[in-house]
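Structural features, examined
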Amino acid sequence: VQLVESGGGLVQPGGSLRLSCAASGSISNIYVMGWYRQAPGKQRELVATVARNSIITYADSVKGRFAISKDNAKNTTYLQMNSLKPEDTAVYYCTGTMHAMGDLFPTTYWGQGTQVTVSS
């Protein structure tokens, strides 16, 4: 299984970015996909998740500004980030918990990360 992120970059405060994450491989079921982020010198933290039943969770710090969505047919999740702030600067990691060929149990996979920098 591979999770490939795209869409990071440099944006001014107040701007928007859209991240995408596509899961590929012999996947039978995806239970939850989501995004975490890690800023320099800080621990990795949850940003948002979307479950198979479409239940969504957000970190308090991004509620009302970020929106997570998914396309089941494409095994892809998106993170629309609006009203970005300098404190949103971090490496954003896609994650997915799924059953893939060879997995006895649901397994959590991670992407390689994409840099988001919010700066004027």
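Up top you'll find the structure we're talking about.
So, a few notes on the structure that sits alongside this text. (Residues numbered from 1 in each chain as written. Predicted model: local features only at pLDDT ≥ 70, side-chain atom pairs only at ≥ 80, totals over all residues. Heavy atoms only, no water.)

Attention shifts here to the nonpolar core. The biggest cluster of nonpolar side chains holds 29 residues, and the ones touching the most others in it are L3, W35, V47, F66, L79, M81 and Y92. Every element with two or more residues in this core is listed here: β3 (17-24), β4 (27-38), β5 (45-51), β7 (66-71), β8 (76-81), β9 (90-100) and β11 (114-118). (Core = buried A, V, L, I, M, F, W, Y, C linked by side-chain atoms within 4.5 Å. Buried < 20%, exposed > 50% of the residue type's maximum accessible area, 1.4 Å probe, protein only. Helix = DSSP H or I, 4+ residues; strand = E, 2+ residues; numbered from the N terminus.)

Before going further, it helps to spend a moment on the sheet that holds β8. Taken in spatial order, the four strands of this open sheet run β1-β3-β8-β7, and their pairing is antiparallel. At either end of the open sheet lies a strand with only one pairing partner, and these are β1 (2-6) and β7. On average, each strand axis in the sheet is tilted by 15° relative to the strand beside it, whichever way the strands run. As paired elements, β3 and β8 share six bridges and run antiparallel to each other. Note on β8: the bridge partner recorded for A22 is T76. (Pairing = 2+ DSSP bridges. Axes fitted to C-alpha atoms, helices over the stretch in contact; angles between N-to-C directions.)

Evaluation of the coordinates by the stated rule reveals one disulfide. Here C21 pairs with C94 through a disulfide, and the sulfurs are 2.0 Å apart. The disulfide joining C21 to C94 has a torsion of about -80° about its S-S bond and is therefore left-handed. Linking C21 in strand β3 with C94 in strand β9, this pair joins segments that are 73 residues apart in sequence. Residue classification places C21 among the buried positions, given a relative accessible area of 0%. (Disulfide = S-S within 2.5 Å.)

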